Amino acid sequence: MGLAFAHGLPEYDIAMDKFVIRGGNPLLGTIRVSGAKNAALPAMAAALLTDEPVILENIPQVRDIETTRNLLAAMGAEVELGYGRAQHRTSICCRNLASPEASYELVKTMRASTLVLGPLVARCGRARVSLPGGCAIGARPIDLHIKGLESLGAVITQDHGYVEATAKRLHGGEIVFEKITVTGTEDMLMATTLADGETVMRNCAREPEVKDLADLLNKMGAQIEGAGSSIIRVKGVAKLHGARHRIIPDRIEAATFIIAGALTGGDLNIAGCAPEHLTSLLDKLKETGVKTVQSADSVRVMGDNPLKAADMVTEEYPGFPTDVQAQYMALATQAEGTSVITENIFENRFMHAQELVRMGANIKIEGRRAIVRGKAPLSAAAVLASDLRASASLVLAALVADGETIIDRVYHIDRGYEHIEEKLRGVGAQIRRIGEILPKKAAAPASRG
């Protein structure tokens, strides 16, 4: 038995930042999916648009949510957390927005901070937002947000890492996104709800999270048509009111666990998900020989068959999601044959590949393509998580590796997965969260002068 397991280390502590995983167990049973982080974050930002309470249900307990709660509270919002059976509910009331600012200290760990820009300008007439931080997976330019707001009449300046926007009242217009952008679509969707007149937005992101935000905004009194398509029309209203809304299931978390079931040769039921949001993944897994059975709100994955290589290309929704590329790469290492994985969304999203190679994977990177030759026997190693989804791919690889893998910097995974180790342990994985195995060296005593 390895060191971490032998010492009976605590099962869960947010301050601890390593996973130890012993591979070889098929995953058997049921995992329930949490609410979608990427739907919850814009929904929380939407609360800025009204002075009445917005109650959100099915909120995941992940770090990005906590960061956003702190951000809203710093602006003057009243943020109530649910407890006990209501622990996945939060109530936000932005009656008094004393400080329409998102400081660097609050948003440096999170890309989604730009989502407050549009609603703050629309409601308060001004906003000061730090340029975002988060994962190191390439540029996510804010220029599309800025151009959109300028076309609605906002005046934008950039100074010392901050974007400042002012507008007496936004007015409707036409916004054409040069490139499909999920957060840009969401930000402009919120901004235009309180603009004078009608706005037509073209080349919009079609992700389910965009549709979920529009559903919330319409419950708040907005007039939005076409969300989920490439053209969205918004008729501005004078005021929005409070609402209650349930966040959609997390399709990326569901996809991660579906791949985990297939990879480990398990029999896993992914409950509480939305299979209609997972079509591109399920179609691709069928090519690799994975058997799945779908119901209205679950996917059962059976890893009976040997995996076969299949090429994959990431695309905007409804194509294969970039947020599942790293997890699919872990699967490809165990498939017979050669898989070519092409990343079209982010230019720097293969950092997990080198860590997988440390575990024995055969992967060659050529620009935006990764050539994965399987089936490669994986063995335990000490590896480093570089971003949220890279963390997930290393967890998946560790589940089938020989020996005990140590994954460092798993604070990345805490940004987007709710208690992932508890969920995996519940279906047979051997995974523990640990802190420093050896005690820190004591400081030298101060010399007496």
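Here's a quick rundown of the structure. (Residues numbered from 1 in each chain as written. Predicted model: local features only at pLDDT ≥ 70, side-chain atom pairs only at ≥ 80, totals over all residues. Heavy atoms only, no water.)

### Digging into unusual backbone geometry
Alright, step 1. Along the chain, Tyr-317 connects to Pro-318 via a cis peptide bond; the corresponding omega equals 15°.
Alright, step 2. By the secondary structure assignment, Pro-318 is in the loop between strand 18 (312-313) and helix 11 (325-332).
Alright, step 3. Following Gly-374, the chain continues to Lys-375 via a peptide bond in cis, the omega torsion being 0°.
Alright, step 4. Looking at where Lys-375 falls in the secondary structure, it is placed in the loop between strand 21 (369-374) and strand 22 (382-384).
Alright, step 5. One non-glycine residue, Asn-58, adopts positive backbone phi at about 65°.
Alright, step 6. Within the secondary structure, Asn-58 sits in the loop between strand 3 (54-57) and helix 3 (63-75).
Alright, step 7. Within the chain, Asn-203 stands out as a residue other than glycine whose phi angle is a positive 60°.
Alright, step 8. Inspection of the secondary structure assignment puts Asn-203 in the loop between strand 11 (198-202) and helix 8 (208-219). (Helix = DSSP H or I, 4+ residues; strand = E, 2+ residues; numbered from the N terminus.)

### What about the pairing of strand 11?
Looking down a regular strand, the side chains alternate between one sheet face and the other.
Alright, step 1. The pairing of strand 10 (residues 174-176) with strand 11 spans three bridges and is parallel. Looking at strand 11, one finds that Val-176 is bridged to Arg-202.
Alright, step 2. Once you follow strand 10 into helix 7 (residues 182-193) and on to strand 11, the crossover reads as right-handed.
Alright, step 3. One ladder, built from five bridges, connects strand 11 with strand 13 (residues 231-235); its direction is antiparallel. (Pairing = 2+ DSSP bridges. Right-handed = clockwise from strand over helix to strand, strands pointing away.)

### Side note on the pattern of salt bridges
Alright, step 1. Going through the model one piece at a time under the given rule, you end up with 26 salt bridges.
Alright, step 2. The closest approach of N and O atoms between Arg-95 and Glu-78, which form a salt bridge, is 3.5 Å. Taken together, the residues span a long stretch of sequence, with Arg-95 in the loop between strand 5 (90-93) and strand 6 (101-102) and Glu-78 in strand 4 (residues 78-81) at a distance of 17 residues.
Alright, step 3. On the accessibility criterion, Arg-95 (45% relative accessible area) is partly exposed. (Salt bridge = Lys/Arg side-chain N within 4 Å of Asp/Glu carboxyl O. Buried < 20%, exposed > 50% of the residue type's maximum accessible area, 1.4 Å probe, protein only.)

### Section: the packing of helix 2 (residues 37-46) against helix 8
Alright, step 1. Between helix 2 and helix 8, whose axes approach to 9 Å, the crossing angle comes to 30°. Looking at the two axes, helix 2 sits roughly parallel to helix 8. Considering only the axes of helix 2 and helix 8, their crossing is right-handed. Contacts between helix 2 and helix 8 involve Asn-38, Ala-39, Pro-42, Ala-43 and Ala-46 on the former and, on the latter, Glu-209, Asp-212, Leu-213, Leu-216 and Leu-217.
Alright, step 2. Residue classes in the contact of helix 2 with helix 8 are distributed as seven nonpolar, one polar and two charged. (Axes fitted to C-alpha atoms, helices over the stretch in contact; angles between N-to-C directions. Parallel < 35°, antiparallel > 145°, perpendicular 65-115°, else oblique. Left-handed = near helix turned anticlockwise from the far one by under 90°. Contact = heavy atoms within 4.5 Å. Nonpolar A, V, L, I, M, F, W, Y, C, P; charged D, E, K, R; others polar.)

### Structural notes on the side chain of Lys-423
Alright, step 1. Topologically, Lys-423 is positioned in helix 15 (residues 420-425).
Alright, step 2. According to the relative accessible area criterion, Lys-423 is buried, its value standing at 18%.
Alright, step 3. A distance of 3.0 Å separates the side chain of Lys-423 from the backbone oxygen of Arg-32, its partner in a polar contact.
Alright, step 4. Filtering out sequence-adjacent residues up to four positions away, Lys-423 remains in contact with Ile-31, Arg-32, Val-33, Ser-34, Glu-253, Phe-257 and Glu-418. (Polar contact = N/O pair within 3.5 Å; in protein donor to acceptor, adjacent residues only side chain to side chain.)

### What about helix 10 (residues 279-287)?
Alright, step 1. For helix 10, the complete set of buried residues consists of Ser-280, Leu-281, Leu-282, Lys-284 and Leu-285.
Alright, step 2. Buried residues along helix 10 sit in contact with helix 9 (251-263), strand 16 (291-294), strand 17 (298-302), strand 18 and helix 11.

### Some details on the sheet that holds strand 24 (residues 430-434)
Alright, step 1. Spatial strand order, 22-23-1-24: four strands in an open sheet with mixed pairing. Lying at the two open borders of the sheet, with one neighbouring strand each, are strand 22 and strand 24. Strand-to-strand twist of the sheet, defined as the mean angle between neighbouring strand axes without regard to direction, takes the value 20°.
Alright, step 2. Across five bridges, the pairing between strand 1 (residues 18-22) and strand 24 is antiparallel. Among the inter-strand pairings, Ile-21 is bridged to a residue of strand 24, identified as Ile-431.
Alright, step 3. Seen against the sheet, helix 13 (residues 388-400) touches strand 1, strand 22 and strand 23 (404-408) and runs at an angle of roughly 30° to strand 1.

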